[in-house]
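Reading the structure
Letter by letter, the chains look like this.
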Amino acid sequence: MLELTKTEIDINKAGTAMYELIAELYPFCRSITGNGVRQTLKSLQKHIPIIINEVPSGTKAFDWEVPREWNISDAYIKNSRGEKIISFNNSNLHVLNYSIPVNKKVSLRELRNHVFTLPDRPEWIPYRTSYYQENWGFCMTHSQFESLADDTYEVFIDSTLTEGSLTYGEYYIKGEKEDEILISTHVCHPSLCNDNLSGIAVSAFLAKMLGKQKLKYSYRFLFIPGTIGSIVWLSKNEKKVYKIKHGLVATLLGDDSDFTYKKSRRGNAEIDMAAEHYLKSAKIPYKIIDFIPYGYDERQYCSPGFNLPVGCLTRKPHGEFPEYHTSADNMDFVKPYRLAESLSVYLEILNILENNVSYVNLNPNCEPQLGKRGLYDKIGGTNQTQILQLAALWILNMSDGKNSLLDISVKSGIEFSIIKKSADALYACDLLKEHS
Ligand code: ZN
C-alpha cells in the first residue's frame, strides 16, 4: 500500500510551516496579473519547483482575453492639510484592485462615489476589484468614512495597466501512470488569509509531500489567478485534460469551521465518493453540497465542454462567513492546526484514490475456506480482527471486477483503510487478482 499519510508530528510541523508561509505571502499585493503573483510564485519556489508561465495580454482564451497587466507601487488619500488619511502602505486592501491611475483633487462628494465600505461591519475594510471595467477607488472602514470632513482631498493611485502578461504557476509530479490528479488553487487575492493564502499554503505543502513519494497517479498543481487563470490554462491544455481523472479545488482551509465538500458536476465521480467516504468514516464534521455553477475555478473545470471530475474541498464555503473578502480575513483568522488538519484530510483522500483498485474473486463459487489459506493468521491478533474478517466477506462477495475497493467501503460502511488492509491479506492468499 502506498502510504501517503505522514506522522502526526510531521503534519503538525507542516501546520506551523504553512502558517509561516502565509505570513510571508500576506503583504504582497496580488491581483489577476502583475508582480504580486510573480513574487508569490517565487516564494513558493523555495518549497517546490514550480514552473512560472507568462501568457501575454491580448491572448484569446475561449470567450475571454488576457487583460492588460496591473501593477501598483503606491496610493493614498490626503486631506487639505496634507495628512494621509488612507495609505496603501498600511493595507493593500485600501485600493480597489485593478484601479486605473489617478492623481487629482476631489470634493468629498466626488470621493464618496469612489469609496467602498461595509456599513454592517464598520471596523473592517472590504476587498473590492474592478478587473474588466476601468475605475479607480479606495476601500476603508465605514467608521472612517463616516468621519470624513467636508474638505478637498488629494487622491493618488500610482498604478499601471500595460501590455504585459498573466502569470501562473504549474508543478507536475510524474507518477507511474499518465493519469493525473489536479489540484488547483487561486493566487489572485491580496492580503487575505483564508481566501486564499490557506489554499496556496496547503497546496504547496501537499505538493512538497507528494513530490517525495512513489505515486501511482501523476499530479498537476496549478497556482492560477481565479477565473481567468483556469480559463487560460484550459484553453492552452484542451487536448491534454482527458488525462485528469480526479481533481480538487483547494481553498478556504485555515479557519475553525467544519469541512465542506462541493461535488463535481458529475456528482458521482470517484473523487466525490472518496471525499465523502473519508470525511464520514473519519468522523470529521463535514457537509456535502451538490455542484452549483458559482464559487471558484471548479466552475471552469466543470463547465459542460470539459465536465471534469473536479470537486472543491473547503471549510466554510465561498462567501458564507462574515470575514470573507474583508480585512478580518487576516493572520488571526487562520490557525496552524487547522491548516495541518486540512492538509491531512487532503492527503487521506488522495491516499484513497492512490489505493483504489478493483479485484476479481478467484474463488467465486461459494465462500472460500479462509482458515486453511492462513488468512486468519494474516489478519488475526489485533483489535481489528473482527472488522477485517467482516471486510474480507464484503470484498470476496463484491469483487466481480465491477466494484472498486472504494465502492465496497461505501456499500459496507467499513472505512477504506480496513478494506484495503483486508484486501491485501486476501491478495496474499491468492484469493484476488487485480481487474484489468
Ligand atoms: Zn475570493
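Residues numbered from 1 in each chain as written. Predicted model: local features only at pLDDT ≥ 70, side-chain atom pairs only at ≥ 80, totals over all residues. Heavy atoms only, no water.

Observations concerning the overall build of the protein chain
Across its full length, the protein chain carries 13 helices and 19 strands. For the protein chain, the spread of C-alpha atoms along the principal axes amounts to about 95 × 40 × 35 Å. The buried share among the 436 residues of the protein chain stands at 58%. A sequence separation of at least 24 residues applies to 81% of the contacts in the protein chain between residues at least 6 apart. Here the protein chain displays about 18,700 Å² of accessible surface, and carbon together with sulfur accounts for 48% of that area. Of the side chains in the protein chain, 49 bear a positive and 52 a negative charge, and the two mean positions are spaced by 4 Å. (Helix = DSSP H or I, 4+ residues; strand = E, 2+ residues; numbered from the N terminus. Buried < 20%, exposed > 50% of the residue type's maximum accessible area, 1.4 Å probe, protein only. Contact = heavy atoms within 4.5 Å. Areas by Shrake-Rupley, 256 points an atom, 1.4 Å probe, with all protein chains shown as cover. Lys, Arg positive; Asp, Glu negative; His and termini not counted. Charge placed at Lys NZ, Arg CZ, Asp CG, Glu CD.)

Some words on the domain arrangement of the protein chain
Interface size is commonly expressed as the accessible area that is lost once the parts come together. Per the domain assignment, the segments making up the protein chain are domain 1 (6-66 + 165-355), domain 2 (69-162) and domain 3 (358-434). When the area that domain 1 buries against domain 3 is broken down by residue, the three leading residues are M273, H277 and N355, summing to 69%. Here domain 1 and domain 3 share one residue pair in polar contact (both at pLDDT 80 or more) between them. Broken down by secondary-structure element, the contributors of at least two residues to the side of domain 1 that touches domain 3 are helix 7 (270-281) and helix 9 (336-355). Per-element accounting of the side of domain 1 that touches domain 3 gives the leading share, five residues, to helix 7. Here the residues of the side of domain 1 that touches domain 3 sort into three nonpolar, three polar and one charged. (Domains from an automatic or database assignment. Buried area = accessible area lost by both parts, 1.4 Å probe. Polar contact = N/O pair within 3.5 Å; in protein donor to acceptor, adjacent residues only side chain to side chain. Nonpolar A, V, L, I, M, F, W, Y, C, P; charged D, E, K, R; others polar.)

Digging into helix 13 (residues 416-428)
Given a rise of 1.5 Å per residue, 13 residues ought to cover 18 Å, and the 18 Å separating the end C-alpha atoms of helix 13 matches this to within 8%. Looking one or two residues past helix 13, D430 carries a phi angle of roughly 60 degrees, positive in sign. (Expected span 1.5 Å × (residues − 1).)

A word on helix 9
Between its terminal C-alpha atoms helix 9 stretches 29 Å, which fits the 28 Å expected from 20 residues at 1.5 Å a residue. Within helix 9, 15 of the 20 residues are buried, which leaves it mostly tucked inside the rest of the structure.

Digging into the coordination of the zinc ion
Every protein donor of the zinc ion is accounted for by H189 (NE2), D195 (OD) and H325 (NE2), and the metal-donor separations fall at 2.0 to 2.1 Å. Read in sequence order, the donor residues coordinating the zinc ion give the pattern H-x5-D-x129-H. Of this pair, D195 sits in helix 5 (residues 193-210) while H325 is found in the loop between strand 16 (310-314) and helix 9, placing the two residues 130 residues apart along the sequence. Across the pair, H325 and D195 agree in class, each one buried. (Donors = N, O, S within 2.8 Å, 3.2 Å for Na, K, Ca; no water.)

Section: the packing of aromatic side chains
As enumerated under the stated definition, the model contains eleven aromatic pairs in all. Ring centres of Y359 and Y427 lie 5.8 Å apart, and the angle between their planes is 45 degrees; on these two criteria the pair is classed as tilted. Here the residue Y359 occupies a position in strand 17 (residues 358-361), and Y427 occupies one in helix 13, the gap between them amounting to 68 residues. Cation over ring: R112 sits above F145, and NZ or CZ is 5.4 Å from the ring centre. The lysine or arginine in question, R315, covers the ring of F259, its NZ or CZ lying 4.2 Å from the ring centre. (Phe/Tyr/Trp six-rings, centres within 6.5 Å; stacked < 30°, edge-to-face > 60°. Lys NZ or Arg CZ within 6 Å of the ring centre and 35° of its normal.)

What to know about the environment of V334
One can find V334 in the loop between strand 16 and helix 9. Considered as a pair, V334 and S198 are 136 residues apart in the sequence and their alpha carbons are 7.6 Å apart. If sequence neighbours within four positions are ignored, V334 has contacts with Y19, I22, C193, N194, G254 and D255.

A word on the sheet that holds strand 18 (residues 400-404)
Strand order across the open sheet formed by three strands is 18-17-19, with antiparallel pairing between neighbours. Every interior strand has two partners, whereas the edge strands, strand 18 and strand 19 (432-434), have only one. The sheet shows a mean angle of 40 degrees between the axes of neighbouring strands, taken without regard to direction. Inspection of the sheet shows strand 17 paired to strand 18 by two bridges, in the antiparallel sense. The residue of strand 18 that forms the bridge with S358 is S404. Lying over the sheet, helix 12 (residues 405-412) contacts strand 17 and strand 18, oriented at roughly 65 degrees with respect to strand 18. Strands in contact with helix 13 are strand 17 and strand 19; relative to strand 19, the strand with the most contacts, it is inclined by about 105 degrees. (Pairing = 2+ DSSP bridges. Axes fitted to C-alpha atoms, helices over the stretch in contact; angles between N-to-C directions.)

Topic: unusual backbone geometry
With an omega of 15 degrees, the peptide bond running from D195 to N196 counts as cis. Inspection of the secondary structure assignment puts N196 in helix 5. You will see that C366, though not glycine, has its phi angle at about 65 degrees, which is positive. Along the chain, the position of C366 falls in the loop between strand 17 and helix 10 (375-379). On the accessibility criterion, C366 (66% relative accessible area) is exposed.

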